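# Fold and contact review
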Protein chains: 2
Amino acid sequence: MPRSLRVAGAQMGPTQRNDSRAATLDRLIALLEQGAAQGAGLVVFPELAFTTFFPRWLIEQDALDVYFEPAMPNPAVQPLFDRARALQVGFYVGYAEKTPEGRHFNSAVLVGPDGAILSKYRKVHLPGSVEPRAGEKYQQLEKRYFEYGDLGFPAVRGPKSWGGPITGMLICNDRRWPEAWRVLGLQGVELVCVGYNSAAYDPNGGDREDAALRTFHAKLAVQSNAYMNATWAVAVAKAGEEDGAGLIGGSCIVDPNGRIVAEAATLADEVIVADCDFDLCQQGKSKMFNFEAHRRPQWYGPITAQTGVVEPAG
Amino acid sequence: MPRSLRVAGAQMGPTQRNDSRAATLDRLIALLEQGAAQGAGLVVFPELAFTTFFPRWLIEQDALDVYFEPAMPNPAVQPLFDRARALQVGFYVGYAEKTPEGRHFNSAVLVGPDGAILSKYRKVHLPGSVEPRAGEKYQQLEKRYFEYGDLGFPAVRGPKSWGGPITGMLICNDRRWPEAWRVLGLQGVELVCVGYNSAAYDPNGGDREDAALRTFHAKLAVQSNAYMNATWAVAVAKAGEEDGAGLIGGSCIVDPNGRIVAEAATLADEVIVADCDFDLCQQGKSKMFNFEAHRRPQWYGPITAQTGVVEPAG
């Protein structure tokens with residue numbers, strides 16, 4: 001019996017700071033319904049999907065709560081969970097998590113077609129800075145607003161109705177770090193879901209990297225790490241201009257050969273779908289990337305023994 | 001002062017099993033001279049450049065010596081070293097190494113413009129098998145003929161006349177393993193030289209991966225790992241049909257953004273060149289891939305703690 005799942009990537013166009021949460025949630029539900037109408041059993045939403053990408057703003061602590069979810073689900077997002085369960089569609093969604101103890105994480109959940117949360121992930125690779133960059137209108141303050149993820153990179157076996165794929169989650173910048181993918185690969189991952197918000201250019205005008213180069217980088221990281229771990233990957237953007245700061249699109253579904261099989265064409269709300277045959281992972285996992293046969297961890301020591309660069313002498 | 005080096009990739013067309021070593025060496029010298037004539041200070045040759053890719057054949061132990069170098073340099077290859085020193089051009093070359101103790105490695109050396117060996121590397125990620133596959137004409141017996149490399153992934157600082165780039169070496173299959181690149185990246189590598197012999201198709205007729213897909217894989221691995229480690233990379237093939245077994249070409253020079261800046265157009269002897277400005281590595285090394293600021297090794301444990309896959313329960 002083939003182990004296959006039709007997966008949808010639900011790219012979102014921009015969400016402005018003043019957009020109401022209810023209006024944004026309606027967009028997620030509309031995308032979910034589009035994915036379900038196309039036969040998808042899993043819909044992947046972006047990082048921090050319920051709000052604008054607020055880490056670009058310096059916000060006082062007591063004004064932050066509006067961006068965070070005090071539980072998952074919670075009354076504000078319950079309609080998405082209800083609609084998904086009614087459609088028997090699962091989803092991945094990124095959100096800002098505030099725990100009962102008041103801790104903050106950049107998180108994502110994987111929700112099954114029955115509405116149960118299958119797995120939670122907290123972003124490990126937070127970009128940006130703790131302190132705001134002086135004199136700049138736009139910031140990247142993820143290191144200020146969030147703690148580093150403390151759950152590692154867990155993979156879980158998806159439900160039988162999905163073909164039981166071993167499934168992992170990453171969030172945005174994580175996808176540029178091969179270590180994150182490899183820890184998932186070492187769990188035999190067959191499907192990696194990634195939501196992201198990635199700048200299309202430096203909104204403060206200081207950088208030469210344009211949207212085309214940044215989109216190329218984003219795809220290259222997903223394609224190569226999918227290939228090197230013989231896994232499907234679904235990478236989904238929040239895209240377009242949010243309050244004067246641009247975000248790349250480029251949402252894509254990538255096969256275990258690293259080939260893009262579906263790709264967004266816009267910077268707006270847009271659903272892409274592909275049939276992911278998880279048996280296609282076996283070619284890579286059993287031959288080129290048969291880890292047991294070919295990895296040589298005794299020479300990988302610096303990867304875990306050191307954080308930064310140690311240059312050779314001379 | 002700009003830190004820049006014109007690098008040549010000296011792709012080689014096929015070398016048949018019955019080709020004489022002297023004729024093959026003449027081809028290397030001709031390629032070296034072409035690179036030098038185009039102003040290159042470093043010429044990168046393929047893996048096992050002095051012979052055919054002999055691990056495809058089952059060869060008796062006492063007939064193997066002809067493929068191995070008993071020292072580097074040695075009289076058979078000395079003309080290449082002499083010509084390079086006369087031209088003040090350095091080179092990377094892959095070769096089968098037999099040590100004075102009779103140990104065998106798939107090795108490469110980096111030779112400076114003065115003819116001195118700057119660094120030696122022994123391939124860590126040996127593909128293939130120890131035992132021949134029964135009933136098949138073509139084999140992949142690297143695990144039979146070579147020991148696993150025992151030098152780790154050393155990077156060295158290149159000479160001042162090259163701009164002093166921190167330089168690493170990989171061999172063939174190593175380039176598909178992000179761990180290898182990361183260990184070089186953690187040494188601040190600015191230039192990675194890779195020679196390869198990669199099958200264009202299964203010569204025994206058993207595999208559906210064609211030359212286009214395999215060439216795509218080869219480039220994807222080099223482009224992404226160059227990007228994720230903010231380094232230049234020069235990947236150089238032995239290409240074309242060797243005694244009925246096809247090898248991909250696709251030799252390329254890749255910038256620290258993962259973009260191909262020079263690329264071979266043939267499956268024959270062909271020189272490609274590019275100017276590698278090592279200061280271009282700083283954008284990635286200081287921002288997106290500032291390892292000290294952004295890596296989280298406490299969550300990378302499985303990469304060194306386990307070799308093969310451990311699937312989640314359930």
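Read on for a plain summary of the structure. (Residues numbered from 1 in each chain as written. Chains lettered and ligands numbered in written order. Predicted model: local features only at pLDDT ≥ 70, side-chain atom pairs only at ≥ 80, totals over all residues. Heavy atoms only, no water.)

## Comments concerning the pattern of salt bridges
All names here are of chain A. Counted under the stated rule, the structure contains 48 salt bridges over all chains. Here Asp82 makes a salt bridge to Arg85, at a shortest N to O gap of 4.0 Å. Taken together, the positions of Asp82 and Arg85, both in helix α2 (residues 78-87) and three residues apart, correspond to about one turn of that helix. The exposure class assigned to Asp82 is partly exposed, which follows from its relative accessible area of 34%. By relative accessible area, Arg85 is classed as partly exposed at 49%. (Salt bridge = Lys/Arg side-chain N within 4 Å of Asp/Glu carboxyl O. Helix = DSSP H or I, 4+ residues; strand = E, 2+ residues; numbered from the N terminus. Buried < 20%, exposed > 50% of the residue type's maximum accessible area, 1.4 Å probe, protein only.)

## Some points on the interface of chain B and chain A
Counting residues at the interface gives 69 residues for chain B, matched by 69 residues for chain A. Both faces combined, the contact of chain B with chain A buries some 6400 Å², and carbon together with sulfur accounts for 61% of it. Run the count over chain B and chain A and you get six salt bridges. Where Glu179(A) meets Arg182(B), a salt bridge forms, and the shortest distance between an N and an O atom there is 2.6 Å. Across the contact surface, chain B and chain A share 36 residue pairs in polar contact (both at pLDDT 80 or more). (Contact = heavy atoms within 4.5 Å. Buried area = accessible area lost by both parts, 1.4 Å probe. Polar contact = N/O pair within 3.5 Å; in protein donor to acceptor, adjacent residues only side chain to side chain.)

## Some points on the relation of the copies chain B and chain A
Overlaying chain B with chain A gives an RMSD of 0.0 Å, the required rotation being 180 degrees about an axis along which the chain moves by 0.0 Å. Here the copies are linked by what is in effect a two-fold axis. When you check the interface residues of chain B against chain A, 100% turn up at the interface there too, and the contact is symmetric in its surfaces. (Least-squares fit on C-alpha atoms with pLDDT ≥ 70 in both.)

## Let's talk about empty space enclosed by the protein
Summed over the entire model, instances satisfying the criterion amount to two cavities of 30 Å³ or more. Taken as a whole, the largest cavity holds about 50 Å³ of empty space. Residue lining of the largest cavity: Pro178(A), Glu179(A), Arg182(A), Ile303(A), Pro178(B), Glu179(B), Arg182(B) and Ile303(B), and that is the complete set. Of the residues contributing to the lining of the largest cavity, the split by class is four nonpolar, no polar and four charged. Here the second largest cavity is characterised by a volume of approximately 30 Å³. Surrounding the second largest cavity, Leu48(A), Ala49(A), Phe50(A), Thr51(A), Tyr67(A), Glu69(A), Gly94(A), Tyr95(A) and Ala96(A) form its lining. Tallying contributions element by element places strand β4 (residues 90-98) of chain A first for the lining of the second largest cavity, with three residues. When grouped by side-chain class, the residues that make up the lining of the second largest cavity number six nonpolar, two polar and one charged. (1 Å grid on protein atoms, 1.4 Å probe; cavity = no way out; pocket = protein on both sides within 12 Å on 5 of 7 lines; lining within 4 Å. Points joined across faces, edges and corners; volume = space filled by probe spheres on them. Nonpolar A, V, L, I, M, F, W, Y, C, P; charged D, E, K, R; others polar.)

Purely spatial values, then, with no claim about function.
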